[in-house]
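# Structural features, examined
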Amino acid sequence: MSFSLSTLAYKNIRRKFFRSMAISAAVMVVAATLFSVTTVMDSVETSLTRGTRRLGADVMVVPANSESKAMASLLAGEPSTFYMDRGIEEKIRKIQGVKKVAGQLYLKTSRYKCCDTGDMFIVGFEPEHDFTIAPWLAEGLKKPLAPKEAIMGRSVTAYIPGSSFQIYSELITVVGMLEATGMPFIDNALYLPIESFRGMVETTDNGTVNVFDKLNNEISTILVQTDTEFSPRRVAIFIESQIDGVKAIVSEDVAASVRRQLFTLLRSILSISVILWIMSILLISVVFSMIVNERQRELGLLRALGAKRTDIFRLIISEAAVLSLVGGIIGIGIGGTFLYMFREPIKAALNVPYMWPRPVNLVLLVLICLFLSFLTGTLAALYPAVKSMRMEPYAAIRGGE
Amino acid sequence: MLEIKGLHKNYKVGRDIIKAVDNVSFNVEKGDSIMIFGHSGSGKTTLLSIIGGLTKPDSGIIKYGDTELWSLTDNDLSGFRNRRINFIFQFSSLIPTLTVLENVILPTSFNKAADKHRGIDAKDLLFMVGLQDKLSAYPSQLSGGQQRRAAIARAFINNPEIILADEPTGDLDEETEAEMLALFRKMNVENGITFLIVTHNTDIASQCNKHFVMNRGILTPKDMG
């Protein structure tokens, strides 16, 4: 029959089950908080990075009075419409530092008014100029998008590629799907060539009306890609100074503004978590000091029977490490479950783009939180462990009497 | 086998200095069975702890063969205790979280490199002390006497050269005490294990070949004639 110190550590943990669980619970709270906050931060960062990359534009030009509407659409996915003269597109094309220009036309649909799509955000784009949508098709198209063909964002669940829907008089077929971005604006919209709008007529009591007659010469947003030698901010200044009635939004600024708003909040929570973590270390350290005091004679006996100082150190540290890791694993599990179950309320509360971190990041976050959990116990038990291992066996035995 | 020369150990209690061990010298031969009498507080347990490498003397020499005990590093001292010395303490010395069998084999876990066949089988030892039906019991499920017997069984597990026993039969009834003393004698005669026993119990005297009395830290030979 063999016997190891690990068995003794395991049995010691079981001996005072409630106390052991209380130590694990302290680590669990810290791990759950740290994991949730860092995951949300990483999620937002991932979404912003992917979203702005997906947008593909360095600068978004919108009507001057529609900046807040555009931001609400972009960040929260609130369908909104605003229009400006389509001729602006050509003017922007001629501005120094502008490399590519593509217009987009926004349309809100309503089940009761026009369409069988429900309340949907429709984005008309120009396939001949587009540099933002087609490159990011999850299921690559072998041919350019034809009129009356649409691509859908990843969160549109009503359709699958190959299905059709009715907008006013036109039957549109979904032919592709975009990758998920976490940007509600992109994930919840349907994209079709602007030309698809041309023939759409609305039947009213007074006959049929061409819905987009009035929009023929209008556009909602102009997306701009800048030359590498010009910074987007500089090009935005050129645009605003040369064209009246427009606002040039720099994509990086959108992400930066969200980061600023949200990360201030998350950093506060993270700071509280760090304080919580330090308090847990102190608390567990006190508990472990009590444990080793209580077991002083036992530790002295182990030394008398031949345990080395390092055996005593390993015994205490391994007990602390196991309890911490158990707490960490449960905490991460609870944090992950919480994030998954409440993802929609979290999205709504934060009002920012949000998607799960990439698997690599998620694994990294789990490992970091596990390591911090492990560190919590080992740091907390370090002083009591060192104190115990340094104790003279006879003094330890007598101290426990 | 064991040479003890000029041992001193003082304790400071408040402003007073207590001489727990005062210039103790004696020799132990292999196979000796030595008894040390003495009142409580006379320094017997401290002396045993110094000889067992559990507490360092203020001065003096303890030599096991050619090895000067207190010149060993802490790791070597632990290994020395594990392989060559074992203890029977006067208090319940079982680890409460371990079963009786686990308590007995515990010393073997500290020396992985040791020859596992060198020692005596744990189950045989527990049979010898009459605890063969308590292998899986925890100390809290045993009487004081049974706990003492389990600790005695553990003392023999690594087949040590010397056993340092502090009131080894303290909790035992007369019958069990006689059985344990018989076991000591058997181990002494058949396995050549040396015993150094600290006790108040004069019944043990008959099976020891050397006798000492300890008083206020001073050890003097006693003729039991």
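Going by the structure above, here's the rest.
Attention here is on the structure that accompanies the text. In this text, all values refer to a predicted model and were calculated from it rather than measured experimentally. (Residues numbered from 1 in each chain as written. Chains lettered and ligands numbered in written order. Predicted model: local features only at pLDDT ≥ 70, side-chain atom pairs only at ≥ 80, totals over all residues.)

### A few points about the environment of B:I197
Stated precisely, the cut-off is as follows: Counting from the N terminus, the helices are DSSP H or I runs at least four residues long and the strands are E runs at least two residues long. Each residue is represented by a C-beta atom placed from its backbone, and any two residues with such atoms within 7 Å are regarded as in contact.
Among the secondary structure elements, B:I197 is positioned in strand β8 (residues 194-198). Each residue touching B:I197, except ones within four places of it in the same chain, is listed here: B:I34, B:M35, B:A165, B:P168, B:I204 and B:C208.

### Comments concerning the sheet that holds strand β10 (residues 218-221) of chain B
Residue and element names in this part refer to chain B. Put simply, the rule reads: Two strands qualify as a pair provided DSSP detects at least 2 bridges between them. Lines fitted to C-alpha atoms define the axes here, with helix axes fitted over just the stretch in contact, and angles between the N-to-C directions of these axes take values from 0 to 180 degrees.
The six strands lie next to each other as β6-β7-β8-β3-β9-β10, forming an open sheet whose pairing is mixed. Each edge of the sheet is formed by a strand with only one pairing partner; in this case those strands are β6 (85-88) and β10. Ignoring strand direction, the axes of neighbouring strands in this sheet form an average angle of 20°. When strand β7 (residues 162-166) meets β8, the two strands line up parallel, connected through five bridges. In the sheet register, I162 faces β8, and the bridge partner there is T194. Across the sheet, helix α5 (residues 144-155) touches β6 and β7, and the angle it forms with β6 is around 175°.

### As for the nonpolar core
Defined as follows: The term nonpolar core refers to a group of buried residues, namely Ala, Val, Leu, Ile, Met, Phe, Trp, Tyr and Cys, whose C-beta atoms join them within 7 Å. Each residue is classed by its C-beta neighbour count within 10 Å, where at least 20 other C-beta atoms makes it buried, 12 or fewer makes it exposed, and intermediate counts make it partly exposed; the C-beta atoms are placed from backbone geometry. The source of the domain bounds is an automatic or database domain assignment.
In this structure, A:V59, A:V61, A:V224, B:V104 and B:A153 are the most contacted members of the largest nonpolar core, which totals 164 residues. Among the elements that take part in this core, helix α2 (residues 17-55) of chain A stands out by supplying 13 residues, more than any other. Each of domain 1 (5-50 + 257-399) and domain 2 (54-250) of chain A gives at least three residues to this core. The contact partners of B:A153, leaving out residues within four places of it in the chain, are B:V104, B:L125, B:L126, B:M128, B:V129 and B:L131.

### Observations concerning the interface of chain B and chain A
Put simply, the rule reads: Lys, Arg, Asp and Glu make up the charged group, whereas Ala, Val, Leu, Ile, Met, Phe, Trp, Tyr, Cys and Pro make up the nonpolar group; the residues left over, Gly among them, are polar.
Counting residues at the interface gives 25 residues for chain B and 23 residues for chain A. Counting residues per element, the side of chain B that touches chain A draws most heavily on helix α2 (residues 74-84) of chain B, which supplies six residues. Grouping the constituent residues of the side of chain B that touches chain A by class yields 11 nonpolar, 11 polar and three charged.

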